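Report on the structure
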Amino acid sequence: MGRTLRWVGSVSLALLLAGCQQSSTGSRVDRGSFMLETAHQAQAADQRIRFLVIHYTAEDFHSSLNTLTDEHVSAHYLIPAHPPKAGGKPVAWQLVPESQRAWHAGASGWRGRSNLNDTSIGIELENRGYRSTLVGPRWYPFPPEQIALLTDISHQVIERYQIAPQNVLGHSDIAPQRKQDPGPLFPWHKLALAGIGAWPDASRVRFYLAGREATEPVDRLQLLEKLAQYGYPLPTDPLPTELTPEQQQSVIAAFQMHFRSSDYRGQADAESEAIVLALLEKYGSRD
């Protein structure tokens, strides 16, 4: 460019510059007291938002709204169990702009990343979670109209940030030692069928099961290693032997609540191993 400008006359140079300015007008953004030229974007950048994390509130709507608007915890969206309608359309509450960080994930990790508040959108669902009974926890279901609204919002978030299926997660996936939400009644398979989140191909699960009984025991540490490869917040080298048996069981149970909610006792079994192998084949391992 430098050699070219030596022989361009002053008139020609003025016309050249004017032409450049005119051609880039469509890429300029008016910011009031100044303009931004956006035609030249750097390549050394990536999307800040990588994850979509789904929670339940464990409270009724009004308590949830109060909790999520105080100074200690927040989420980008809150969806009522039975969304009201305005103009015939269901209403969700946006509590934090997507451009800002919400405090919903806490101490968390997925696929080698930590502190997921910085890189995620959080959606809270009004749901009481569970109540304890003599035969174990009784989980509360999610009403269809709530899931329908969640599906619409999630579609837009995923498209906006190009979030990979394996990065659509529950709170229990990213913090299995602390959290159980959204719980075993959350319809992960239904959302996956709608294009939201990961799900293994049934034929590949059968392939990796290889005729074994679903409940046949497998090596727990080897299963945990595969879960770490898929993304669960566990070290891959060395194996997670420093975790207590109870902590190891919590990670397996979180995985089972997401991908095999019929049995989430946290036992290392053949079906769980087959599922994670099918997921690794389909979506790859952590970066």
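Above this text is the structure in question.
Residues numbered from 1 in each chain as written. Predicted model: local features only at pLDDT ≥ 70, side-chain atom pairs only at ≥ 80, totals over all residues. Heavy atoms only, no water.

1. What to know about unusual backbone geometry
Note on backbone geometry: most residues besides glycine have negative phi, and most peptide bonds are trans. Going from aspartate 181 to proline 182, the amide bond is cis rather than trans, its omega being 10°. One non-glycine residue, arginine 111, lies in the positive phi region at around 50°. Structurally, the position occupied by arginine 111 is in the loop between strand E8 (109-110) and strand E9 (113-114). Despite not being glycine, glutamine 162 shows a phi value in the positive range, around 55°. Structurally, glutamine 162 is set in the loop between helix H4 (144-161) and strand E13 (168-170). Judged by its relative accessible area of 64%, glutamine 162 is exposed. (Helix = DSSP H or I, 4+ residues; strand = E, 2+ residues; numbered from the N terminus. Buried < 20%, exposed > 50% of the residue type's maximum accessible area, 1.4 Å probe, protein only.)

2. Remarks on the sheet that holds strand E10 (residues 120-125)
Hydrogen bonding along the main chain pairs the strands of a sheet, whether they run parallel or antiparallel. Taken together, the five strands give an open sheet; going across it, the order is E7-E4-E10-E3-E13, and neighbouring strands pair in mixed fashion. Single-partner strands in this sheet number two, and they are strand E7 (93-94) and E13. Strand direction decides the pairing type here: strand E3 (residues 51-56) and E10, joined by six bridges, are parallel. Bridging from a neighbouring strand, valine 53 pairs with glycine 122 of E10. (Pairing = 2+ DSSP bridges.)

3. Structural notes on the pairing of strand E12 (residues 136-139)
Across four bridges, the pairing between strand E11 (residues 130-133) and E12 is antiparallel. Bridge pairing in E12 links arginine 131 to arginine 138. Counted between consecutive antiparallel strands, the loop separating E11 from E12 contains two residues.

4. A closer look at the pattern of salt bridges
Tallied over the full model, the rule gives nine salt bridges. As a salt-bridge pair, arginine 160 and glutamate 98 come within 2.8 Å of each other at their nearest N and O atoms. With arginine 160 in helix H4 and glutamate 98 in the loop between E7 and E8, the pair connects residues that are 62 residues apart, well separated along the chain. What makes glutamate 98 buried here is its relative accessible area of 9%. (Salt bridge = Lys/Arg side-chain N within 4 Å of Asp/Glu carboxyl O.)

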